[in-house]
Amino acid sequence: MIRQNLVEALSRQVNAELYSAYLYLAMSAWADRQGLKGFANWLHVQYQEETAHGMHLYEFILDRGAAPEFHPIDKPETEWDSPLAVFEHVARHEAHVTDLINGLATLAMKENDHSMYMAVQWYVNEQVEEEANADQIVQKLKLIGDNGGLLLTLDAEMAARVFVDPFAGAAAN
Ligand SMILES: [Fe+2]
Ligand SMILES: [Fe+2]
């Protein structure tokens, strides 16, 4: 059995992951409306990843014999000034999520819940990649500046991203 304060913390994280999904979906819609279909694709894949993150934690709560809590999902922002503004927001958001994940790991450790601690470690590693990806795209967009041709080249690169279920093959259940 898992302690109730841990169920609450995990449920809050499910909510945060689903909010992340919703935020990336809003960013994808924005990019689509700018004619940046590659950026829209990249952000849509990110939406799918965040949904998978949330669902994996949700399954973990159920696997531990507890009832997940449901909270309202916040309304995300829907307008940005530029692709750079979008990805600066992504970078800020992922740094915030890293703080949340670190908080969960600290809590699991404090409560001596090793299985939760192990489950959260996957997210600790994932956040390194998430922050690196966001920072790399921010850097590229800064180099591109006002060059529309280079922006379209990056857009074509972003079009190639395909969703791969991060938990496929993992002994999740
Ligand atoms: Fe996530
Ligand atoms: Fe993320």
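Residues numbered from 1 in each chain as written. Chains lettered and ligands numbered in written order. Predicted model: local features only at pLDDT ≥ 70, side-chain atom pairs only at ≥ 80, totals over all residues. Heavy atoms only, no water.

### Some words on the coordination of the iron ion (ligand 1)
The test is simple: Only nitrogen, oxygen and sulfur atoms within 2.8 Å of the metal, or 3.2 Å for Na, K and Ca, are treated as donors, and water is left out, so sites may look incomplete. In this text, helices come from DSSP runs of H or I with a minimum length of four residues, and strands from runs of E with a minimum of two, each type numbered from the N-terminal end. Three exposure classes are used, based on accessible area relative to the maximum for each residue type with a 1.4 Å probe and protein chains only: buried under 20%, partly exposed in between, and exposed over 50%.
Bound to the iron ion (ligand 1) on the protein side are Glu17 (OE), Glu50 (OE) and His53 (ND1), at distances that span 2.1 to 2.2 Å. Read N to C, the donor residues that coordinate the iron ion (ligand 1) are spaced as E-x32-E-x2-H. Here the iron ion (ligand 2) and the iron ion (ligand 1) are spaced 3.4 Å from one another, each receiving a donor from Glu50. Of this pair, Glu50 and His53 both sit in helix 2 (residues 37-63), 3 residues apart, which is roughly one turn of the helix. Side by side, Glu50 and His53 carry an identical accessibility label, which is buried.

### A few points about the packing of helix 2 against helix 3 (residues 83-110)
Threshold: In this description, a line fitted to the C-alpha atoms serves as the axis of each element, helices being fitted only across the stretch in contact, and the angle between N-to-C directions of two axes falls anywhere from 0 to 180 degrees. We call two directions roughly parallel when the angle between them is under 35 degrees, roughly antiparallel when it is over 145, roughly perpendicular when it lies between 65 and 115, and oblique otherwise. Helix crossings fall into two classes, left-handed where the near helix is turned counterclockwise from the far one by less than a right angle and right-handed where it is turned clockwise. It only takes one pair of heavy atoms within 4.5 Å for two residues to be counted as in contact. We call Asp, Glu, Lys and Arg charged. Ala, Val, Leu, Ile, Met, Phe, Trp, Tyr, Cys and Pro are nonpolar, and the rest, Gly among them, are polar.
Interhelical geometry of helix 2 versus helix 3 gives an angle of 20° and a closest axis separation of 13 Å. When the axes of helix 2 and helix 3 are compared, the pair comes out roughly parallel. Viewed along their axes, helix 2 and helix 3 form a crossing whose handedness is left-handed. Counting all contacts with helix 2, which are made through Phe39, Trp42, Leu43, Gln46 and Glu50, the residues of helix 3 involved are Pro83, Val86, Phe87, Val90 and Glu94. Residues of the contact of helix 2 with helix 3, tallied by class, amount to 7 nonpolar, 1 polar and 2 charged.

### Details of the pattern of salt bridges
Rules: Salt bridges, as used here, are contacts in which a Lys or Arg side-chain nitrogen is within 4 Å of a carboxyl oxygen on Asp or Glu.
A complete count under the given rule lists 6 salt bridges for this structure. Salt-bridge contacts for Lys37 lead to Asp32; the nearest nitrogen and oxygen are separated by 3.0 Å. With relative accessibility at 36%, the residue Asp32 sits in the partly exposed group. Glu49 serves as the salt-bridge partner of Arg161, at 3.2 Å between the closest nitrogen and oxygen. With Arg161 in the segment after helix 5 (148-158) and Glu49 in helix 2, this residue pair connects regions lying 112 residues apart in the sequence.

### Digging into the side chain of His93
Mapped onto the fold, His93 is located in helix 3. What His93 contacts, discounting residues up to four positions off in sequence, is Tyr19, Ser20, Leu23 and Tyr24.

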